[in-house]
Amino acid sequence: MSSHSVVKHSDEEKRLVALERAEELKQHIKGYREASKNIPTGFNLSHEFKVRRDQIREQLGATEEEWNDWHWQMQNRVNDLDTLRQLMPITDEEARHIEMVSMKFRWAVSPYYLSIMSTDNPNCPVRMQGIPIGRELQDMWGKEDPMAEEFTSPAPRITRRYADRLIINVTNQCAMFCRHCQRRRNIGEVDAPASLDEIKAAIEYIKKNSEIRDVLITGGDPLTLTDAKLDWILTELDNIEHVEIKRIGSRTPVTMPQRITQELCDMLEKHHPLFINTHFNHPKEVTDEALRATRMLAKAGIPLGNQAVLLKGINNDPHVMKKLNHELLKIHVRPYYIFHAKPVKGTAHFVPTIQEGLEIMENLRGFTSGLAIPWYIINAPGGAGKTPILPQYLLSMGKNHVMIRTWEGKVFRCANNSL
Ligand SMILES: *Cc1c(COP(=O)(O)O)cnc(C)c1O
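Values in this document were obtained by computation on a predicted structure and should not be read as measured data.

S.K.: Is there a simple way to think about the packing of helix H10 (residues 196–208) against helix H11 (residues 227–238) in this case?
M.R.: Between two packed helices, both the angle of their axes relative to each other and the distance between the axes serve to describe the pair. Close contact between H10 and H11 brings their axes to 10 Å; oriented N to C, the two are set at 20°. Here H10 lies roughly parallel to H11, going by the angle between them. In this structure, H10 crosses over H11, and the sense of that crossing is right-handed. Across the interface between the two elements, Leu196, Ile199, Lys200, Ile203, Ile206 and Lys207 of H10 pack against Lys229, Trp232, Ile233, Glu236 and Leu237 of H11. The class makeup of the residues in the contact of H10 with H11 is seven nonpolar, no polar and four charged.

S.K.: What is the right way to look at H10 in this model?
M.R.: Note that an α-helix has 3.6 residues per turn; residues three or four places apart therefore point the same way. Relative to the 18 Å expected for 13 residues at 1.5 Å per residue, H10 spans 18 Å between its end C-alpha atoms, a close match to the ideal helical length. Looking at H10, one finds that the buried residues are Ile199, Ala202, Ile203, Tyr205 and Ile206. On an axial view of H10, the arc spanned by its buried residues comes to 150°, and they lie on one face. The outward face of H10, more than 90 degrees from its buried face, is lined by the exposed residues Asp197 and Lys208. As for H10, its buried residues are in contact with strand E1 (158–159), strand E2 (165–169), strand E3 (214–218) and H11.

S.K.: Looking at this structure, how should I read the pattern of salt bridges?
M.R.: Two side chains that carry opposite charge are able to pair once their charged atoms sit near each other. Per the stated rule, a full pass over the model turns up 30 salt bridges. Linking glutamate 24 and arginine 21 is a salt bridge whose minimum nitrogen-to-oxygen distance equals 3.1 Å. Taken together, the residues glutamate 24 and arginine 21, both in helix H1 (residues 11–36) and three residues apart, mark about one turn of the helix. You can call arginine 21 partly exposed: its relative accessible area is 26%. By sharing partners, the salt bridges in this structure join Arg53, Asp54, Arg57, Glu64 and Glu289 into a single network.

S.K.: Looking at this structure, how should I read the site of the ligand?
M.R.: Every residue close to the ligand is listed here: Thr159, Arg161, Tyr162, Arg165, Ile167, Leu216, Arg247, Tyr336, Tyr337 and Lys386. Here an oxygen atom of the ligand sits 2.8 Å away from a polar atom, N or O, in the side chain of arginine 161. Contact with the protein chains covers 88% of the free accessible surface of the ligand, which is 390 Å². The site holding the ligand turns out to be the largest pocket.

S.K.: In this structure, what is going on with empty space enclosed by the protein? I would like to understand it.
M.R.: By rolling a water-sized probe across the atoms, one finds the places where empty space is left. Per the stated rule, a full pass over the model turns up one cavity of 30 Å³ or more. Quantified by volume, the largest cavity comes out at close to 30 Å³. Split into classes, the residues belonging to the lining of the largest cavity amount to three nonpolar, one polar and four charged.

S.K.: For this particular structure, what's the right way to read the nonpolar core?
M.R.: In globular proteins that are soluble, nonpolar side chains generally tend to be buried together. Among the nonpolar cores identified, the biggest contains 85 residues, and Leu84, Leu114, Ile206 and Leu268 are the most heavily contacted of them. Sequence-distant contacts of leucine 268, defined by excluding residues within four places in its chain, comprise Leu234, Ile248, Leu274, Ile276, Leu297 and Ile302.

S.K.: Which parts of the structure should I look at to understand the packing of aromatic side chains?
M.R.: The description of two aromatic rings rests on the distance between their centres and on the angle between their planes. Following the criterion strictly, the structure yields four aromatic pairs and no others. Between the aromatic rings of tyrosine 336 and tyrosine 337, the centroid separation amounts to 4.1 Å while the plane-to-plane angle is 40°, which identifies the pairing as tilted. With relative accessibility at 29%, the residue tyrosine 336 sits in the partly exposed group. Note on phenylalanine 367 and tryptophan 407: the rings are 4.8 Å apart at their centroids and 90° apart in plane angle, and the pair reads as edge-to-face. Taken as a pair, phenylalanine 367 in the loop between helix H16 (354–362) and strand E8 (375–380) and tryptophan 407 in the loop between strand E11 (401–405) and strand E12 (411–415) lie far apart in primary sequence, 40 residues in all. Its relative accessible area of 23% is what places phenylalanine 367 among the partly exposed residues. The exposure class assigned to tryptophan 407 is partly exposed, which follows from its relative accessible area of 24%. Note that arginine 184 overlies the ring of phenylalanine 105, its terminal NZ or CZ placed 4.0 Å from the centroid. Positioned above the aromatic ring of phenylalanine 339, the side-chain terminus of lysine 342 is 5.8 Å from the ring centre.

S.K.: Looking at this structure, I do not really get the sheet that holds E11. What am I missing?
M.R.: Note: strands within a sheet are paired through backbone hydrogen bonds, in either parallel or antiparallel orientation. Pairing within the open sheet is antiparallel, and its three strands lie in the order E10-E11-E12. On the outer flanks of this sheet lie strand E10 (394–397) and E12, each paired with one strand and no other. When the angles between neighbouring strand axes are averaged without regard to direction, this sheet yields 20°. Where E11 meets E12, five bridges bridge the pair, whose relative direction is antiparallel. Considered in E12, the bridge of isoleucine 404 is made with phenylalanine 412.

Conventions we followed
- Residues numbered from 1 in each chain as written.
- Predicted model: local features only at pLDDT ≥ 70, side-chain atom pairs only at ≥ 80, totals over all residues.
- Heavy atoms only, no water.
- Axes fitted to C-alpha atoms, helices over the stretch in contact; angles between N-to-C directions.
- Helix = DSSP H or I, 4+ residues; strand = E, 2+ residues; numbered from the N terminus.
- Parallel < 35°, antiparallel > 145°, perpendicular 65-115°, else oblique.
- Left-handed = near helix turned anticlockwise from the far one by under 90°.
- Contact = heavy atoms within 4.5 Å.
- Nonpolar A, V, L, I, M, F, W, Y, C, P; charged D, E, K, R; others polar.
- Expected span 1.5 Å × (residues − 1).
- Buried < 20%, exposed > 50% of the residue type's maximum accessible area, 1.4 Å probe, protein only.
- Arc of directions from axis to C-beta.
- Salt bridge = Lys/Arg side-chain N within 4 Å of Asp/Glu carboxyl O.
- Near = heavy atom within 4 Å.
- Polar contact = N/O pair within 3.5 Å; in protein donor to acceptor, adjacent residues only side chain to side chain.
- Areas by Shrake-Rupley, 256 points an atom, 1.4 Å probe, with all protein chains shown as cover.
- 1 Å grid on protein atoms, 1.4 Å probe; cavity = no way out; pocket = protein on both sides within 12 Å on 5 of 7 lines; lining within 4 Å.
- Sits in = over half its atoms within 2 Å of the grid points.
- Points joined across faces, edges and corners; volume = space filled by probe spheres on them.
- Core = buried A, V, L, I, M, F, W, Y, C linked by side-chain atoms within 4.5 Å.
- Phe/Tyr/Trp six-rings, centres within 6.5 Å; stacked < 30°, edge-to-face > 60°.
- Lys NZ or Arg CZ within 6 Å of the ring centre and 35° of its normal.
- Pairing = 2+ DSSP bridges.

Shown next as structure tokens:
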């Protein structure tokens, strides 16, 4: 007879164990549920945003139809102090700072993005991304081009840091110039899309390098180009046999969702497999309009990802970041990356610590859906590549055993052998 005893539990006993565990699990989410109530989201502010939208629209003398037309949004980007002051209260000191910053760094915001900013709170996470402040000029630390993009460009408009993929930068235009922009040096004073010749030279480079299987179209914001120009670029890439997938990086779903039209979706759909990554940084940006845009793209069969940037005062908080990722999943967008902010000149006041990033990651894994967990990435200096940073779950690695710790901090020994 085997001495091996199997303890038998009744169904009732098993249920009791599960209920006790469920109580323990509920404790883990209490803090987030409490904090979450005070985090503004675009959906919760839907009514306020509508009121603001109508105010701004009337002030700018536009019809509903014009407001919903992305050309109108682009042409009416607010980029001067007088117009800004008509649309929201700005103190004399803020105004002085905006004037000073605008001599060094370009600024502009689409009327839509302006309509989701707080009018009375300078620390509004949307306002902080769009309206310049004096601290941009006090940055003694940042560099113009910390990623050395200028030394990783083997052909016009191309940045190549990896073996099998590269980016083409097709324009410096954006619907809104992020105050934390990593390519500030390219933004300049005026809109400057790449010339046809430059794009042709970039495409020629891709044709000649058969290991390139993934091409990322970026900027600036490529969705500020016309449908016809994008269609042409995508067709050129479709015609290169070794290019397996194409990606577009665009912030328009966040800053100018009017850009996502049925005509655009019909055009993009011809160029599958095509992926789009966008750039939401705060749950407040996840609005009814953003959902309309992302749902249309999803219906066109385009997988959507999000590349957030970890920004001091905007989203460097575990609860805010978790909420952002939850709101993103509601609009079909899969969190892809959280980038540690780079030390770009004029943006140092946004750079948080790496510990803060790690704390955010620690509070995601296990505490929420795996779908809501992006990778936390530090871009190595000099363009050496994206480097993932993770809390330590592997405690030790032996020949026969490894020690791990779980999301709750429970330590286990696991066999390290293959049978
Ligand atoms: C970020 C980036 C890519 C894409 O990286 P993934 O990790 O594949 O998303 C490709 N080329 C350059 C130059 C990049 O900066």
